[in-house]
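Architecture and fold: a report
Single-letter residue listing:
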Amino acid sequence: MTLITVATCSLNQWSLDFDGNLARILESIRIAKHRGAKLRIGPELEITGYGCQDHFLEGDTHLHAWEVLVKILESEEAQGILVDVGMPVSHKNVIYNCRILIHNRRILLIRPKMWMANDGNYRELRWFTPWAKYRKTEEYWLPSIVAGITGQSTVPFGDAVVSTPDTCIGVEMCEELFTPNAPHIDMGLDGVEIFTNSSGSHHELRKLSTRIDLIKEATLKSGGIYMYANQQGCDGDRLYYDGCSFITLNGKVIAQGSQFSLNDVEVVTATVDLLEVRRHRSSSSRSIQASQSQPYERLRCPERLGTSSVTDLLDIEVTQPDEFKYNTPEEEIAFGPACWLWDYLRRSRTQGYFVPLSGGIDSCATATIVYSMCILVVKASTEGNQQVIDDARRIAGLDAKSDYIPVDPREFCGRIFHTCYMGTENSSIETRKRAKDLAEAIGSYHVDLNMDTIVTSIRSLFTLVTTKAPSFDGHPAENLALQNIQARLRMLLAYLFAQLLPWVRGKEGGLLVLGSANVDESLRGYLTKYDCSSADVNPIGAISKTDLKRFIAYAEGAFNLPVLAEFLDAVPTAELQPITETYVQSDEADMGMTYDELSVYGRLRKVEKLGPYGMFTRLASEWGNRLSPLEIAEKVKKFFFEYARNRHKMTTLTPSYHAEAYSPDDNRFDLRPFLYPSRFPWQFRKIDEKAAIMVDKSLRMKAKTE
């Protein structure tokens, strides 16, 4: 047996937080060494933080990254262990996304990324150039501050592997794993036994299994140890990096970290017998392919990483395979946005959150996620997480020397979370009661008010200036304007109360306002521009109404909140029009489509990349047994018309936690025009022509029903 202990980690790095990033890197190395690891890897671009974006183009960012690397090289923590860290490196005036492998104050290799993530939320080609010289290295002249520590003038830069007396290590970076001809294939055939993958992969609902399956498959056929490291937390924008660093052996998971955590440093270690890799690779066909493979340049690390000592073999326990543990989508919604909100709150150095509660399920979901955040804070505090305790004291307005420790989610929620019901004459008793009951159940500081006097003042001002008095029963433009007055005034009041409620309570600072528009409403444009959907951040802005309902049903039991059952049974309504004996405003009636339909349209438009005609032909196949071609045509045209004429609202959409593959976020995920030919004359004409000649298969189903 040759036993080797390796360590991967999830770090809550923050863009440009060089002090904090250095401290977390050193802590992870210290923990890895304490557990006996001889190899430690970390997340992608961990020295600078992954999300620096255009700051990667600045000389300062590169200078400070090298200064941090010097601190790591000098540190006692980084001695006696092979360390793999990430940072941007400029070589021959070209910027690369690199891993730097160091051992005992020497740099063994600078390995640049060869395939860039450049779709969806990723824009790596904007800042980095892929290394295209496969299996080749060049000399890299080190900055003088680094050369003075390492004693090296130049180091190898390029596509190579690191060889020790007892094994061989190869680097694969994030997106490279997802390519058809991933580097681990050729490296494995050339004898690389340990693969490292440093990643900056964000959370998205139901996405994790894809990542895990690819990594398991990477060593299932060719054998090997695969170490995956991922960033964890909010590093400054809409994404939450969901950790889940883990280690596989020959296609089986042997160690796994958490997906959602408030711990800034989480180290995952495993002890493996290298002979397991070699036995897995003993097949004849694999050996024939390996004998014909092109060699990589091997750079030497003088220290053995494993041990064959009889004493060590008796004392060290080999890590056994285990099933990978997944969170359900409901748990992902409960904990992902909650962790993101905690990072945003503590790093913005504000004093809490403010949410206007409407009595509907969307603002209810936002409030419940904040409560979930409070539960996580209490859990981490009781486990002794000093960083969480210190942050909780500061956010709550307490002195750093205070002995306060959050032990009750409701109590802590009351300190940092503020809610408000902003009623008008169009509001119902039911929604007001639901808002009050929810606030009481989670412990938030709650305000209940009527704003009719302000609405009346605005209407009176308009009438005074124009001599016209708009009415809900008048022209549709009058009706819509009167609804929008209420919606936009709620935004003004939200920011007023967020700024002054801490002062009212004798505290310093202000609150962040949370939005509560879901992904389907944004996609359809069913929101008022600059109303309560306009906020500082939105934890549910990329989550569908369907998933939010499932989350609330889960939270009712998981968080012991029976009040949530009332929200599940309520009809979604904006309550911006007068309620009569024969009319109560309904979201789905106003939109002309259901939330379930919107989820379908959203996935087909974004994920499947279908335009109006393509969507019609797809739905004619999927819905043809229950709807006629003409009915499907009208639904598709209705959606695209409303989507197009409201697209401009996405340009000012509140920054939202990214959770859904069909998010319409205009910032960088879903890049589209915001001035469309919204009636799509060519496309809609082609749909009508096709629908007119198609057979109506729904008649048979309707006949059976009758």
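Here goes a summary of the coordinates provided. (Residues numbered from 1 in each chain as written. Predicted model: local features only at pLDDT ≥ 70, side-chain atom pairs only at ≥ 80, totals over all residues. Heavy atoms only, no water.)

**Observations regarding the sheet that holds strand 19 (residues 353-356)**
The parallel open sheet is built from 4 strands, whose spatial order is 21-20-19-22. Of all the strands in the sheet, the pair left with one neighbour each is strand 21 (445-450) and strand 22 (512-513). This element, helix 12 (residues 409-416), spans strand 19, strand 20 (417-423) and strand 21 of the sheet and lies at about 70 degrees to strand 20. (Pairing = 2+ DSSP bridges. Helix = DSSP H or I, 4+ residues; strand = E, 2+ residues; numbered from the N terminus. Contact = heavy atoms within 4.5 Å. Axes fitted to C-alpha atoms, helices over the stretch in contact; angles between N-to-C directions.)

**What to know about the side chain of S381**
Its location among the elements puts S381 in helix 10 (residues 361-382). A polar contact is formed between the side chain of S381 and the backbone oxygen of V377, at a distance of 2.8 Å. Once you skip the residues sitting within four places of it in the chain, S381 turns out to touch V388, I389, I405 and P406. (Polar contact = N/O pair within 3.5 Å; in protein donor to acceptor, adjacent residues only side chain to side chain.)

**Some remarks on the sheet that holds strand 14 (residues 246-249)**
The strand order across the open sheet formed by 7 strands is 15-14-11-10-9-8-17, and the pairing between neighbours is mixed. Looking at the sheet topology across the chains shown, the edges are occupied by strand 15 (252-256) and strand 17 (298-300). Adjacent strand axes in the sheet meet at a mean angle of 25 degrees when their direction is disregarded. Of the strand pairs in this sheet, strand 9 (residues 168-173) and strand 10 (residues 194-199) are connected by 5 bridges, and their pairing is parallel. Its bridge partner being in strand 10, V171 is matched across the sheet by T196.

**Examining the side chain of H184**
Within the element layout of this structure, H184 appears in helix 4 (residues 183-189). Among all residues touching H184, those that are not within four sequence positions of it are E172, L177, F195, A218 and Y226.

**Some points on the packing of helix 10 against helix 12**
Relative orientation of the contacting elements helix 10 and helix 12 amounts to 120 degrees, with a least axis distance of 9 Å. Classified by the interaxial angle, the pair formed by helix 10 and helix 12 is oblique. Viewed along their axes, helix 10 and helix 12 form a crossing whose handedness is right-handed. Contact residues: Y371, M373, C374, I375, V377 and V378 in helix 10; P409, R410, F412, C413 and I416 in helix 12. (Parallel < 35°, antiparallel > 145°, perpendicular 65-115°, else oblique. Left-handed = near helix turned anticlockwise from the far one by under 90°.)

**A few points about helix 20 (residues 595-607)**
When the terminal C-alpha atoms of helix 20 are compared, their 17 Å separation across 13 residues agrees well with the 18 Å that a helix rising 1.5 Å per residue should span. Here helix 20 has its buried residues at Y595, E597, L598, S599, Y601, G602, L604, R605 and K606. Next to the buried residues of helix 20 lie helix 16 (519-524), helix 17 (545-558), helix 19 (587-591), helix 21 (612-622) and helix 22 (629-645). (Expected span 1.5 Å × (residues − 1). Buried < 20%, exposed > 50% of the residue type's maximum accessible area, 1.4 Å probe, protein only.)

**Quick notes on the pairing of strand 20**
When you tally the buried positions in strand 20, you get 7 out of 7 residues, the bulk of the element. Here strand 20 shows no split at all, with F417, T419, Y421 and G423 on one side and H418, C420 and M422 on the other all buried. For strand 20 and strand 21, the ladder comprises 6 bridges, and the chain directions are parallel. Residue pairing for strand 21: H418 is matched across the bridge by Y445. The parallel pair strand 20 and strand 21 is bridged by helix 13 (residues 429-442), and the resulting crossover is right-handed. (Right-handed = clockwise from strand over helix to strand, strands pointing away.)

**Some remarks on the pattern of salt bridges**
Opposite charge on two side chains permits them to pair, given that their charged atoms come into close proximity. Under the counting rule described, the total for this entry stands at 46 salt bridges. In this structure, the salt-bridge partner of E76 is R105, at a minimum N-O distance of 3.3 Å. One end of the pair, E76, is in the loop between helix 2 (59-74) and strand 3 (82-91); the other, R105, is in the loop between strand 4 (94-103) and strand 5 (106-112), and 29 residues separate them in sequence. For E76, a relative accessible area of 56% gives the class exposed. The class for R105 is partly exposed, based on a relative accessible area of 29%. Within the structure, one salt-bridge network assembled from shared partners comprises R605, K606, R647, D666, D670 and R672. (Salt bridge = Lys/Arg side-chain N within 4 Å of Asp/Glu carboxyl O.)

**Things to note about the nonpolar core**
In terms of nonpolar packing, the biggest core is built from 59 residues, with L341, W342, M373, F417 and L438 touching the most fellow members. The element that contributes the greatest number of residues to this core is helix 10, accounting for 12 residues. Sequence-distant contacts of M373, that is, excluding residues within four places in its chain, are made with A338, L341, W342, L345, Y353 and I416. Within the second largest apolar cluster, 39 residues are counted, among which are L22, A32, A37 and V155. (Core = buried A, V, L, I, M, F, W, Y, C linked by side-chain atoms within 4.5 Å.)

**Structural notes on a nonpolar patch on the surface**
Together, L496, L500, W503 and V504 make up an exposed nonpolar region whose accessible area comes to about 420 Å². Its place among the elements puts L500 in helix 15 (residues 476-504). (Patch = residues over 30% accessible without salt bridge, like charges linked within 9 Å, V, L, I, M, F, W, Y side chains within 5 Å. Areas by Shrake-Rupley, 256 points an atom, 1.4 Å probe, with all protein chains shown as cover.)

**What about the packing of aromatic side chains?**
Across all of its chains, the model carries 30 aromatic pairs by this definition. Centroid distance Y601 to W623: 6.1 Å. Interplanar angle 55 degrees. Geometry classified as tilted. Highlighted residues: Y601 in helix 20 and W623 in the loop between helix 21 and helix 22, separated in sequence by 22 residues. According to the relative accessible area criterion, Y601 is buried, its value standing at 1%. One aromatic cluster is present, built from ring pairs that chain together Y601, W623, F639, F640, Y643, Y676, F680 and F684. Lying over the aromatic face of Y613, K686 brings its terminal NZ or CZ to 4.9 Å of the ring centre. (Phe/Tyr/Trp six-rings, centres within 6.5 Å; stacked < 30°, edge-to-face > 60°. Lys NZ or Arg CZ within 6 Å of the ring centre and 35° of its normal.)

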